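Commentary on secondary and tertiary structure
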Amino acid sequence: FSILGFLGERWSGTTQITILKDLLKTAKEDWPAVRSRLERMREAIIGSANADGVILNFSGDQNVLDEESIKTFFTEELPRLQGNIPASERAKGGLPNFLEVEHPWVAPISGAMSQASDADHEAIVAATKVSYIGEGGRLFEVDGP
């Protein structure tokens, strides 16, 4: 795996099934913990110096757009989040040049990749004109009938 391949698998591969199943269980048993994670994610995305130049695309039907909580988010909460960015961070001008500086995700993801490496569950995919059939198996357990 490359780092991008590893992230792709975690975000949209079969690993995502397990992650979402665990998240659903946590949401049912401990919603405040899930809400706190989502709020930290929101703060990291739109409440940081790196949000400079971010385009926030929001769509919905008229009933959704008329919701008071949506109006409050755009008129009060979003400006508050952007106002929390220290002037020293705003002066940095956004993201560093990651061609010159290692991205802060590289080290944690590299560690996760080495822990997740399991040679028994890896495959090499190659585009060829010949189709081969291999051994298959169950990707996940389905609860109930």
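What comes next concerns the included structure. (Residues numbered from 1 in each chain as written. Predicted model: local features only at pLDDT ≥ 70, side-chain atom pairs only at ≥ 80, totals over all residues. Heavy atoms only, no water.)

**Quick look at a nonpolar patch on the surface**
The grouping of Leu56, Phe58, Val64, Leu65 and Phe74 at the surface amounts to a nonpolar patch, some 380 Å² of accessible area in total. Assignment of secondary structure puts Leu56 in the loop between helix 3 (31-46) and helix 4 (62-65). Relative accessible area serves as the criterion here: at 45%, Leu56 is assigned to the partly exposed category. (Patch = residues over 30% accessible without salt bridge, like charges linked within 9 Å, V, L, I, M, F, W, Y side chains within 5 Å. Areas by Shrake-Rupley, 256 points an atom, 1.4 Å probe, with all protein chains shown as cover. Salt bridge = Lys/Arg side-chain N within 4 Å of Asp/Glu carboxyl O. Helix = DSSP H or I, 4+ residues; strand = E, 2+ residues; numbered from the N terminus. Buried < 20%, exposed > 50% of the residue type's maximum accessible area, 1.4 Å probe, protein only.)

**Structural notes on the side chain of Glu9**
Along the polypeptide, Glu9 turns up in helix 1 (residues 3-12). Buried charge Glu9 goes without a salt bridge, the closest partner of opposite sign being Arg10 at 7.7 Å. Side-chain polar atoms of Glu9 contact the backbone nitrogen of Thr14, separated by 3.2 Å. (Lys, Arg positive; Asp, Glu negative; His and termini not counted. Polar contact = N/O pair within 3.5 Å; in protein donor to acceptor, adjacent residues only side chain to side chain.)

**A word on the pattern of salt bridges**
What the rule picks out here adds up to 1 salt bridge. Two residues, Arg35 and Glu39, come together in a salt bridge whose shortest N-O distance is 2.9 Å. Taken together, the residues span about one helical turn, with Arg35 and Glu39 both in helix 3 at a distance of 4 residues. Owing to a relative accessible area of 33%, Glu39 belongs among the partly exposed residues under this scheme.

**Quick notes on the side chain of Gln16**
Inspection of the secondary structure assignment puts Gln16 in helix 2 (residues 15-29). Setting aside residues up to four positions removed in sequence, Gln16 forms contacts with Glu9, Arg10 and Trp11. (Contact = heavy atoms within 4.5 Å.)

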